[in-house]
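# Fold and contact review
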Amino acid sequence: MTAFTLGEASARVLARAGGGLRDRSRAPARTRTPHRTGAPVLRDSIEAGTFEELFFATPAPGETDRLLRACRRTLDAGRRLRREERAGTRTLSATERSIAGLTAAAVRVFEELCTLARLNQGRVYPSYDWLAEATALGRATVARALHALERCGFLVRQRRFKRVEGEGPRYRQTSNAYRPLLPARVLAYLPRWMRPAPLPVDHEQQRAVEAEAYERMLASLSCRERATASVGGMLGKVLASLGAAIDRDMASACESHNHPQPLMDSI
């Protein structure tokens, strides 16, 4: 009779019950095939130096201070929401849950980002390690804080990668680009004195009149002129050339230059 220890007997019983499950301790290790470029690049990453001019914006005087005050007030509002939810007097919506997820660490990280935006004319791209050292927080805490700020709307984050010359990986992940914002979703939870001034009563009517006049102006243009006025850059030039060809075809098909549509009933 063969003797087994308790652990070996249990392993055999589990193997039989599971239909002959493989012993993981004896399974061969998975082979890690290297990425074809030499290094993985995270999803939704954009090459550094190709979009920053459109992404960053120089803050107006005092704008970063207003953003930081709004973030701190939103933190207080989130604490009140969590207290009301625990008391059972309020059911939080998706927006309120994102506000309630704001933490003191997130406000501290946002303060550092606002400082960088003020000092560097809106160009903010620190690494996680730099933020952790500047805020005296852990790297994981910084990552959670950035996620909470982005979910609440105070931050827009864009992943970046850069090319590497020489042997080895051709691309390498680099620090993210950040842009601090004041989300419209939190305005209702801020004190009245921190909200933007209400627009005049006739402002919406004036905007509707301007939009209608703009549409009438576009309708009076030819295809080439409309493409030039609506789209700029190289795409606008291509569309303008196509519009000019359409205008020539329409002009040749029309029987009268005064009436742009052809006379279908003519003989």
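See the structure above.
Nothing here was measured: the structure is a model prediction, and the numbers come from that model. (Residues numbered from 1 in each chain as written. Predicted model: local features only at pLDDT ≥ 70, side-chain atom pairs only at ≥ 80, totals over all residues. Heavy atoms only, no water.)

## Brief notes about the pairing of strand E2 (residues 155-163)
Heads up, the condition is: At least two DSSP bridges between two strands are required for those strands to pair. A helix here means a DSSP run of H or I that spans at least four residues, while a strand means a run of E at least two residues long, and both kinds are numbered starting from the N terminus.
Here two bridges tie strand E1 (residues 46-47) to E2, and the two strands are oriented parallel to one another. Its bridge partner lying in E2, Glu 47 is registered against Phe 161.

## As for the packing of helix H5 (residues 104-119) against helix H7 (residues 139-152)
Each packed pair of helices is defined by two parameters, the angle between the axes and the distance between the axes. Stated precisely, the cut-off is as follows: What counts as an axis is a line fitted to C-alpha atoms, over the stretch in contact for a helix, and the angles between N-to-C directions run from 0 to 180 degrees. By definition in this entry, angles of less than 35 degrees are roughly parallel, angles greater than 145 are roughly antiparallel, angles of 65 to 115 are roughly perpendicular, and the rest are oblique. The contact rule is simple, with two residues in contact once any of their heavy atoms fall within 4.5 Å. The nonpolar class holds Ala, Val, Leu, Ile, Met, Phe, Trp, Tyr, Cys and Pro. Asp, Glu, Lys and Arg form the charged class, and all remaining residues, Gly among them, are polar.
Contact pair H5 / H7: the axes reach a minimum separation of 8 Å and the direction vectors enclose 85°. The angle between H5 and H7 falls in the class roughly perpendicular. The segment H5 lies against H7, with Ala 105, Ala 106, Val 109, Phe 110 and Leu 113 engaging Thr 141, Val 142, Ala 145, Leu 146, Ala 148 and Leu 149. Split into classes, the residues belonging to the contact of H5 with H7 amount to ten nonpolar, one polar and no charged.

## Digging into a positive patch on the surface
So the rule is basically this: What goes into a patch is any residue over 30% in relative accessible area without a salt bridge, connected to like charges within 9 Å or, for nonpolar side chains (Val, Leu, Ile, Met, Phe, Trp, Tyr), within 5 Å. Each accessible area is a Shrake-Rupley result for a 1.4 Å probe, and residues are judged covered by the shown protein chains and nothing else. Think of a salt bridge as a Lys or Arg side-chain nitrogen and an Asp or Glu carboxyl oxygen that are within 4 Å of each other. Lys and Arg are tallied as positive, Asp and Glu as negative. Neither His nor the chain termini are counted. Positions of charges follow a simple convention, taking NZ of Lys, CZ of Arg, CG of Asp or CD of Glu.
Taken together, the side chains of Arg 73, Arg 80, Arg 83 and Arg 86 make up a positively charged region of the molecular surface. Mapped onto the elements, Arg 73 comes out in helix H3 (residues 63-87).

## Side note on unusual backbone geometry
Applicable threshold: Only protein chains enter the area calculation, which uses a 1.4 Å probe; residues under 20% of their type maximum are buried, those over 50% are exposed, and those in between are partly exposed.
With a phi close to 55°, Gln 121 is a non-glycine residue in the positive phi region. Relative to the elements of secondary structure, Gln 121 occurs in the loop between H5 and helix H6 (128-135). A relative accessible area of 57% means that Gln 121 is categorised as exposed. Backbone geometry places Ala 136, a non-glycine residue, at a positive phi of 60°. With respect to the element layout, Ala 136 can be found in the loop between H6 and H7.

## Remarks on the sheet that holds strand E3 (residues 171-180)
Spatial strand order, E1-E2-E3: three strands in an open sheet with mixed pairing. The two strands at the open ends of the sheet, each matched to only one other strand, are E1 and E3. Sheet topology note: the E2/E3 ladder contains eight bridges and is antiparallel. Residue pairing for E3: Arg 157 is matched across the bridge by Tyr 178. In this fold H7 packs onto E2 and E3, with an angle of close to 125° to the strand it touches most, E2.

## Considering the nonpolar core
Stated formally: For this analysis, a nonpolar core means a set of buried residues of the types Ala, Val, Leu, Ile, Met, Phe, Trp, Tyr and Cys, connected via side-chain atoms within 4.5 Å.
Counting residues in hydrophobic clusters, the biggest one holds 34 residues, and the most contacted among them are Leu 102, Val 109, Phe 110, Leu 113, Leu 146, Leu 149 and Phe 154. Taken together, the elements giving at least two residues each to this core come down to H3, helix H4 (94-100), H5, H6 and H7. Considering every element that reaches this core, the biggest residue donor is H5, with eight residues. Among residues more than four places away in sequence, those in contact with Leu 146 are Val 109, Leu 113, Tyr 128, Leu 131, Leu 155, Arg 157 and Tyr 178.

What is shown is where atoms sit, not what they do.
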